[in-house]
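Geometric and topological summary
Okay, here's what each chain looks like letter by letter:
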Amino acid sequence: MKLHHAAFVALLALGVASCRQDMHDQPKHKPFTRSALFKDQRSARPLVPGTVARGQLMEDEHLYLGKVDGKPAETFPAALADAFGGGGEWQQRMLARGRDRFQIQCTPCHGSVGDGNGMIVQRGMKRPPSYHIDRLQKSPPGYFFDVITNGFGAMIDQKDRVKVEDRWAIVAYIRALQLSQNATVADVPAEHRDELDHPKPRTEGQTPETQHGR
Amino acid sequence: MAQVFPKSSNTLSKASIVVAGIVLGAVGLATININRTTYVTTQSMPIEQVVQFTHTHHVGSLGLDCRFCHTAVEESSYAGIPPSKTCMGCHSVVWKDAPILEPVRESFRNDTSVEWIKVHDLPEFVYFNHSIHVNKGIGCESCHGRVDQMPLMMRQNSLNMEWCLACHRAPEQFLRPKDQIYTMGWDPEKALGMTQAELGAKLKLENNVQSRTNCATCHR
C-alpha cells in the first residue's frame with residue numbers, strides 16, 4: 001500500500017520535472033528568432049526605405065560619404081574630434097581604435113603591416129595591393145573610406161561590419177602604417193634609438209601592448 | 001473475529017515509512033540532479049548544422065578574431081551570428097564552388113537566412129547580456145570554452161543558474177585584462193607571471209567588478 005503511494009508521488013515528481021518548457025519558450029521575439037508572420041521568416045524587420053531616425057539624418061557628406069564637393073576628401077572630417085571624446089588626446093584615441101579595428105577587420109587579408117600578405121591570401125584569397133605602393137601612398141583619406149564603405153573589385157564592402165567613425169579611425173591607422181613602413185632611423189625619438197639594436201626580449205604570450213605596459 | 005492484520009504488519013508498516021522516506025529522498029535528489037546531467041543540458045554534444053562551419057579552421061588555423069563575425073558582442077546583449085555576406089567576403093573567391101558551401105551561396109543569392117541551430121539557448125525568463133561581461137573582463141573562453149578546438153560548435157557549460165552564480169559570487173576567478181578577452185588558451189602565469197588569484201583581485205578593484213547575486217540581475 002505505502003509503496004504504491006510512494007510510486008505515485010515519484011511519478012508526480014517526475015512529471016513536474018519534465019514540464020519545464022512552458023516558460024522557457026515564450027511567444028516573444030529575441031534577436032534572430034523565427035517569425036511565422038512574415039514571408040522571409042525573420043522577426044527582425046528591415047527599415048522602410050527612406051526612414052530617418054531622429055538625429056541620424058547623415059547630412060555631413062564628408063563624414064558619411066568621405067566626399068567633399070563630390071571628390072574623395074583630402075582631409076579627415078571635423079566631427080571625429082567629438083566622436084573620439086575631444087580634448088587634447090582624441091587623435092591618439094582614434095589611432096588606438098583604428099589599430100584595434102584594423103587588426104580585427106583587415107589583417108586577415110591585408111596583413112598586419114598592410115603589405116597584402118594576410119593569412120587568407122596565403123589560403124587562396126586574391127592578393128590585395130600593398131598599402132605602400134606609390135598610388136595608395138598618394139590616395140587621399142576619402143578614397144580609403146570609400147573602399148571600406150563600397151568595396152573594391154574582389155573585396156566586398158565592409159560597411160555592415162565597420163561603423164562610420166571606426167572606418168575613419170582605420171584610415172588614420174593606415175596612414176600611420178604607411179609612414180612607419182617608410183620611416184628612417186631619424187624618425188625614431190633619440191631616447192629610443194638604442195632599442196632598435198637591442199630589442200627587449202618578449203616572453204611567451206606577451207603582446208606589444210603588455211610588453212610596454214601601454 | 002480474527003485479526004485482519006498479522007502481528008508482523010506492525011514492523012512492516014514502520015519499515016515502509018522509512019523505505020518511503022528513502023525512496024522519496026532519492027526521487028527528489030534525482031529530480032534535482034537530472035537537470036544537471038549532460039543529457040538534459042545537452043552540454044558537450046556537438047551540433048550538426050546545415051553548413052559544416054568549423055571554428056577550428058576559421059579561428060584556430062586562420063586566426064580570425066571573434067569580432068570579425070560576431071560583431072555585436074562588445075556593444076549589445078547578443079553576440080550575433082554573421083550574415084552570409086560576411087562568409088562571401090572570402091568564399092566568393094576561396095572555395096568558390098565547394099558544394100559544402102552551397103547553402104551559404106544560395107542564401108546570399110536569394111536573400112534568405114541560413115538556418116543555424118542555436119547551440120546556446122537560455123530560457124526566455126532569463127536576461128543575459130554579452131557586453132557587460134566582455135567589458136568587465138570575462139573572456140569568451142570562460143563561458144564558451146576552447147572554441148578554436150571545436151570542429152563543430154558545442155556547449156561547454158551547463159548554463160544552469162548555479163553555473164552563472166558560481167561565477168557571480170566570485171568573478172575574480174575568471175577576470176582577464178581587456179586585451180585578452182578574445183584570446184583562446186590564455187594563461188596568466190605564462191603571460192604575466194601572476195596567479196589568477198593575484199590578477200583577479202587586482203582587476204576586480206581596477207574595473208570595479210561587482211558580485212551580483214540579486215535575483216533581479218537575471219530575472220527582470
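What this report covers is the structure whose coordinates are included nearby.

What counts, and where the lines are drawn
Residues numbered from 1 in each chain as written. Chains lettered and ligands numbered in written order. Predicted model: local features only at pLDDT ≥ 70, side-chain atom pairs only at ≥ 80, totals over all residues. Heavy atoms only, no water. Helix = DSSP H or I, 4+ residues; strand = E, 2+ residues; numbered from the N terminus. Buried < 20%, exposed > 50% of the residue type's maximum accessible area, 1.4 Å probe, protein only. Contact = heavy atoms within 4.5 Å. Core = buried A, V, L, I, M, F, W, Y, C linked by side-chain atoms within 4.5 Å. Phe/Tyr/Trp six-rings, centres within 6.5 Å; stacked < 30°, edge-to-face > 60°. Salt bridge = Lys/Arg side-chain N within 4 Å of Asp/Glu carboxyl O.

Moving on, we get to the environment of L177(A). Residues and elements named next belong to chain A. For L177, the position within the fold is in helix α9 (residues 164–181). L177 sits in the buried class, given a relative accessible area of 6%. In contact with L177, not counting residues within four places along its chain, are F102, S112, V113, G114 and H132.

Our focus in this paragraph is the nonpolar core. If you look at the biggest cluster of nonpolar residues, it comprises 23 residues, and the most contacted ones within it are L80(A), M94(A), F102(A) and I170(A). Elements with a minimum of two residues in this core: α3 (80–83), α4 (90–105), α8 (141–150) and α9 of chain A. In terms of residue count, α9(A) provides more of this core than any other element does, nine residues in total. If we ignore the near neighbours within four places in the chain, the residues touching L80(A) are L63(A), W90(A), M94(A), E165(A) and W168(A). Counting residues in each nonpolar core, the second largest holds twelve residues, with C66(B), A79(B), V147(B) and M153(B) among its members.

Further remarks concern the side chain of S139(A). Structurally, S139(A) is set in the loop between α7 (134–138) and α8. Not counting chain neighbours up to four residues away, the residues in contact with S139(A) comprise F144(A) and R175(A).

So, on to the packing of aromatic side chains. Scanning all chains against the criterion turns up eight aromatic pairs over all chains. Ring plane angle 55° and centroid distance 5.5 Å describe the contact between F102(A) and Y173(A), whose orientation is recorded as tilted. Here F102(A), found in helix α4, pairs with Y173(A), found in helix α9; they are 71 residues apart in sequence, far enough to count as distant. Pair check on accessibility: F102(A) and Y173(A) agree, each one buried. A centroid spacing of 6.4 Å and a plane angle of 75° characterise the contact between F53(B) and W116(B), whose relative ring orientation is edge-to-face. Taken together, the residues span a long stretch of sequence, with F53(B) in the loop between α2 (38–41) and α3 (55–61) and W116(B) in the loop between α6 (102–110) and α7 (130–135) at a distance of 63 residues. Classification of F53(B) by relative accessible area gives partly exposed; the value is 30%. Look at W116(B) and you get partly exposed, because its relative accessible area is 29%.

Tallying each qualifying case throughout the model produces 20 salt bridges over all chains. Residue R42(A) pairs with D111(B) through a salt bridge whose shortest N-O separation is 3.5 Å. With one member in each of two chains, R42(A) in the loop between α1 (2–18) and α2 (61–65) and D111(B) in the loop between α6 and α7 form a pair that bridges those chains. The exposure class of D111(B) is exposed, given its relative accessible area of 54%. Among the salt bridges present, the one from K138(A) reaches D134(A), with a minimum N-O distance of 2.7 Å. Of this pair, K138(A) and D134(A) are both found in helix α7, four residues apart, which corresponds to roughly one turn of the helix. Residue K138(A) is classed as exposed on the basis of its relative accessible area, which comes to 62%. On the basis of relative accessible area, D134(A) is assigned to the exposed category, the value being 51%. Connected through salt bridges with shared partners, the residues D100(A), R101(A), D65(B), R67(B) and E74(B) form a single ionic network.

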